[in-house]
Structures are given as structure tokens and as C-alpha cells.
Protein chains: 2
Amino acid sequence: MIIFKRLVIVGVGLIGGSFALALKRAGIVVEVIGVDRNCAALDDALRLNVIDTAASISEALKGADLVLLAVPVRQMSATFALVARDIAANTIIIDCGSTKRDVIAAARAELGEKISRFVPAHPIAGRETSGVGAADAMLFDGKNVVLTSLEENSAEAIARTTDIWRACGANVVTMTAAAHDAVFAAVSHLPHMLAFALVDEFAARANAKSLFSFAASGFRDFTRIAGSSPEMWRDIALNNRDALLTEMDAYIAKTQQLRTLIANRDAAELEHLMQRAREARAKWLAGELNGFRDESA
Amino acid sequence: MIIFKRLVIVGVGLIGGSFALALKRAGIVVEVIGVDRNCAALDDALRLNVIDTAASISEALKGADLVLLAVPVRQMSATFALVARDIAANTIIIDCGSTKRDVIAAARAELGEKISRFVPAHPIAGRETSGVGAADAMLFDGKNVVLTSLEENSAEAIARTTDIWRACGANVVTMTAAAHDAVFAAVSHLPHMLAFALVDEFAARANAKSLFSFAASGFRDFTRIAGSSPEMWRDIALNNRDALLTEMDAYIAKTQQLRTLIANRDAAELEHLMQRAREARAKWLAGELNGFRDESA
């Protein structure tokens, strides 16, 4: 494994911070430089030994051999523009954006011929807590990282990026950006929207306190992801808009179907639907529903 | 505290079994008799020392001083009919149905003038695991039990029932049956329907394995309640049908609103909604959204 002398983390939050800690734990990074528009986040990161130094982006990039972009996806375009200006030759650029087509488009627009150095990925690891205070060296341990490499990437850049994510403890899976965005619109972006909608629906009511007084563990777990960062999820919703709207429409139609079964007192079909769902979830938890096929590839 | 000499549990599952264990732990029950249409459940309950004896309902009711009905709510009517036939004088009948207007209507129809002995309640304690194997003496500890007592109940019957639930470790709250059904349609029944719908939506697709391969902890927690008993939730949906349909309509309308914000790329309102939801949930977790007011009372 190559040792990185100078790792730059742009966006020192939960993910950026956890990445820095994971590479430190793996012993493959010498110095970590943090860049963030939020000075308090940099102070916290220094205090927690997540980063060794704080710097402006142009200072930080001098001599950097690895740069991680861990900013909300709507800031990626402006961040790529800054990176493009000051990046040294042979620096690997990686990201951890939750949407990929948009981030890749921003990279192409801003990096120009330097695009070959950018190896995009999405680590499937998150928490409802945000900020560097929640950073954890083990966050990526055993988690999937979806690598959506570009045709411009050299085999060497892809191999090195794969090694980096594996050094974080992650399992690396490859996918096209389009397949990634469709899959995650369904299994991640949609549930986040549904959880935000449910909590806001109740919070807006005159009897909100009566409702929340009796919400229990089922509600708590169902809405855990509604504790996620609004800025991050606003960006994801807008940047993966078309795939997400398709999923929302499918889900609304499904919920209407279920509504019809209840309205019609169709006990048999209702139990059938619930039984299918329960069995599918049990199989999934038992690891019996694995098997990604990239149908778009 | 009065000691019960003979407790009958009709329906030896998670809730019935946990109730038996809780009263045994509290030391206020001498003998527990189990009744269930499922012989395997009775065998398990005997093996696990949840019950001391298994019997038919008419045998069990002889000399019983406390009867808990813990069957799915659609079986309550038939169960009340059997109880009405064989119940001894002065036996307290309690239930733990997740819906209350329907259970009370069934009780009135079947118990006749013995209705005064039935003190309905709903313990807000559940798990996605069902069956007596999951029974736990601590299940009700610190949980709310909503008592929806009847005008026919004597003050003594209400007081004794309150003592029983408190002996299980629960906090007893009183509410009308109508208020109960409206509140739980929102905070419990609706999220269960939404979780079942989401899992079934993905399970039915041609690319189900691709989707489930990348579902992570957010999806796991969001859908935890889709692991619940299909029979139980079918019954709840049908028995609290009107209140649930009202909630499903409100939720679908809310999700359509959120869809429109995304379709219109309304970043400000989108973040606003997510921020409101996140704050409401944080306040709820901090215990700042308590304060039930029974507006229907």
C-alpha cells in the first residue's frame, strides 16, 4: 500500500472526518490538512486530532497527493473549480457524494483535462448525526463503497482509489453513475423524503403534542433518518431530482393501492401484501437478497 | 396490591406472554393458565415457564380472577362470546388491543350486562418479533398504557386495572376510545402501512436484488416495523379503517407537496421542511413535545 504524505479533506464533517481517522488508523497517511468554510468545524477537527492542520484550499493543495471532497453535493461544482486552479500534478481526487451523475458532470465542467485524476465514489455509510464531532475511524468498516469510475481514469488511479477505500475497511463495488443514482433514489433518497414528510406532517398539526406524546419506538426508528442534515438532503433531492421523482411517484401509487385494499376491506390481499413485505425484509436481513446486476452497463 | 390467584391469558404471544411474565415478576399472580388455538405456542409457553398450565377457554375460566385477552383484534368478538359464556362473577377482563372503539363495540355486543367487568387498555409496547419466544417480563417497563375505561366500569375495577398495569412497570394514561384511535392511526398505524408499502414496492420489482443489495441502515430502521405480524396489522388496519384512511390521505397529500417542491427545484422551502422535521424530532426525543390533551373528551 502506498503511503500518502499529504491528505486534504475539503469539508470536515462526519464523512470527511471519519475518512481522515480511518486512513490514520490504517497508517497510510502522514499529514492531514482540513479545509472548511466553517471555522468552528476546523477548530473541533484540530482539537479532536482528526486533522493536523487547517488551511485555505489553495494552501492545502500544495504538494497534496490525495484530496477528498466531502462537501454537500450542491457545493461540488464550486469546489471543483477551486481544486482545478491549484491542484498539483498526479494528485488523486476522490469524493463521497451521495449522487454521482451530477458530481461527475460538475467535475467534467470544472476539471477539464484533469478529469482523469478524479475517481468518484459513494461510501454507503452515514448517521443521523452530522458534524466532525460524530467522526468515527470505524464508520466505513464493513460498509459498501460504490465506485463509479470514469472512462478517463487510468487503471492505476482506479486501483489506488480502490486500495484507499479498502484501507478504510470498506467493501468496494463498481457501478455506472446512472445505475448508482437509480438504486439510491429508491433505497436511500426516497425513505429520507418519506421520513421528513411524516415528521413535518405531525409537527404542523394543532394537536402535535398529543401525537408526539404517544409516538413510540416504531415511530422513532421509522423517522430516525429525518434527523439527518437538511442541507445535505436538500442537495441530494435536487441533484438526483428525476430519479427521485420517479421513485416518489411509484411509492405514492403503491400507497394508494394499499389504501384501496383497506377501503375495500380486502383482508386477504392486505395480509398478502404485509406477508410479502415481511418475508422480503427477513430474507434481506438474512443476506439472501444480495446480487447486484448492473443492467445499465 | 391484591394477589390474583388465577390469571388466564387468551392468546399466548409476545404481549400475552410478556404480561404473564411481568405479573410473575411483580409477585402478584399465583397461577397462570394459557389458552391458544395454536398448540405449539402453548408448548413453548409451558417450556419457557410463561404459563403454568394450558387449558381450553371454558376450563381456564373456572375460578379465574383476571383474564387478559391478547388475540388479534379481529378475533376479539369471537373471544368475548366464549368469555361471556363461562366467566365467573367478579372476574376482571382486560385486553391489550391496538384499536379500541371496535374492541369495545365487540365487548358490548357479546358481554351484555357483564360489560362492566371489562376494562379496556392498549399497552404501547411492541416489537417486530412476534410469538411467545420473544416474551419479556420487562416489555412494559416505563411504557405508556392507554386506559380507555367505560362508563359502566366501577371505580374499583378501574383502580384495580390501573394497579395491574402499573405492576407491569407501565405508566397509565386515560383517554377516550375515539381519541385513542385517532392518535394511534397517526403515530402508529400509518407508519406501519408506509413501511409495509415500501418493502413490498421494492420486493415486487425485477431488480429487487440490486435494490436490496444496497439498502443500508437507514432503510433497515425505516422498515423495522414491516417485520411485524401481518395478521395483527391486517386486523388493526381494517378495524381502525376510517381513522387510518384519513391519515393515509393526509400523508399522501403531504408527500405530493414535497414532490412538488422537488419538481419545482424550490431549494429554500425544501430545506425549510426538512429543518422543521429535524427540529420537531429532536424536541420530541428531548421530551419537549409531551402534553396530551384529550380534545374529544
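Residues numbered from 1 in each chain as written. Chains lettered and ligands numbered in written order. Predicted model: local features only at pLDDT ≥ 70, side-chain atom pairs only at ≥ 80, totals over all residues.

A word on the overall build of chain A. When helices and strands are tallied, chain A shows 12 helices and 9 strands. Against the 2.2 N^0.38 benchmark of 19 Å for 297 residues, chain A shows a C-alpha radius of gyration of 21 Å, consistent with a compact globule. Taken along the three principal axes of its C-alpha coordinates, chain A extends 70 × 45 × 35 Å. Expressed as a percentage of the 297 residues in chain A, the buried residues total 54%. Of the contacts made within chain A by residues no fewer than 6 positions apart, 79% connect residues no fewer than 24 positions apart. (Helix = DSSP H or I, 4+ residues; strand = E, 2+ residues; numbered from the N terminus. Rg over C-alpha atoms; globule rule 2.2 N^0.38 Å. Buried ≥ 20, exposed ≤ 12 C-beta atoms within 10 Å, placed from the backbone. Contact = placed C-beta atoms within 7 Å.)

Take chain B, turn it by 180°, move it 0.0 Å along the axis, and it overlays chain A with an RMSD of 0.1 Å. With respect to symmetry, the two chain copies, as superposed, fit the operation of a two-fold axis. Of every C-alpha in chain B, the one belonging to Phe222(B) sits nearest the axis of rotation, 1.9 Å from it. Residue by residue, 100% of the interface of chain B is reproduced at the interface of chain A, so both copies engage with the same surface. (Least-squares fit on C-alpha atoms with pLDDT ≥ 70 in both.)

What follows deals with the nonpolar core. Membership of the largest hydrophobic core comes to 212 residues, with the highest contact counts inside it found for Ile9(A) and Ile9(B). Ranked by the residues each element gives to this core, the list is headed by helix α7 (residues 177-203) of chain A, at 18 residues. In contact with Ile9(B), other than residues within four places in its own chain, are Gly16(B), Phe19(B), Ala20(B), Val32(B), Gly34(B), Val35(B), Ile51(B), Leu68(B) and Ala70(B). (Core = buried A, V, L, I, M, F, W, Y, C linked by C-beta atoms within 7 Å.)

Looking now at the domain arrangement of chain A. Residues and elements named next belong to chain A. Split into domains, chain A comes out as domain 1 (4-175) and domain 2 (179-285). Measuring from the centre of the C-alpha atoms in domain 1 to the corresponding centre in domain 2 gives 31 Å. Counting residues at the interface gives 14 residues for domain 1, matched by 16 residues for domain 2. (Domains from an automatic or database assignment.)

Residues and elements named next belong to chain A. Relative to the 18 Å expected for 13 residues at 1.5 Å per residue, helix α1 (residues 14-26) spans 18 Å between its end C-alpha atoms, a close match to the ideal helical length. For α1, the full list of buried residues reads Leu14, Ile15, Gly16, Gly17, Ser18, Phe19, Ala20, Leu21, Ala22 and Leu23. Considering only its buried residues, α1 is in contact with β1 (4-10), β2 (29-35), α2 (39-47), β4 (66-69), β7 (121-123) and α6 (155-167). Just beyond α1, the residue with positive phi is Gly27, at close to 70°. (Expected span 1.5 Å × (residues − 1).)

What follows covers the pairing of β4(A). Residues and elements named next belong to chain A. Of the two faces of β4, the one lined by Leu66 and Leu68 and the one lined by Val67 and Leu69 are each fully buried. Relative to β4, β1 is paired through 4 bridges, and the arrangement is parallel. Across the sheet, residue Val10 finds its bridge partner in β4, namely Leu69. Looking at chain direction, β4 and strand β5 (residues 92-95) are connected through 4 bridges and run parallel. Pairing of Val67 across the sheet is with Ile93, part of β5. Handedness of the crossover is the feature at issue here: the chain leaves β4, passes through helix α4 (residues 76-86), returns alongside β5, and the resulting connection is right-handed. (Pairing = 2+ DSSP bridges. Right-handed = clockwise from strand over helix to strand, strands pointing away.)

This part takes up the interface of chain B and chain A. Counting from both sides, the interface comprises 80 residues of chain B and, opposite them, 80 residues of chain A. Contributions of two or more residues to the side of chain B that touches chain A are made by α7 (177-203), α8 (208-214), α9 (217-222), α10 (230-239), α11 (241-263) and α12 (267-285) of chain B. Per-element accounting of the side of chain B that touches chain A gives the leading share, 18 residues, to α7(B). Classifying every residue of the side of chain B that touches chain A gives 48 nonpolar, 15 polar and 17 charged. (Nonpolar A, V, L, I, M, F, W, Y, C, P; charged D, E, K, R; others polar.)

In this model, chain A carries a mean pLDDT of 94, and residues with pLDDT of at least 70 account for 97%. The ipTM for the predicted assembly is 0.87, set against a pTM of 0.87. (pLDDT = per-residue confidence, 0-100.)

Another point: the sheet that holds strand β8 (residues 144-147) of chain A. Residues and elements named next belong to chain A. If you walk across this open sheet you meet the 3 strands as β7-β8-β9, and the pairing is mixed. Each having just a single partner strand, β7 and β9 (171-174) make up the two edges of the open sheet. The mean angle between the axes of side-by-side strands here comes to 20°, regardless of whether they run parallel or antiparallel. Relative to β9, β8 is paired through 4 bridges, and the arrangement is parallel. Within the sheet, the bridge partner assigned to Asn144 lies in β9 and is Asn171. (Axes fitted to C-alpha atoms, helices over the stretch in contact; angles between N-to-C directions.)

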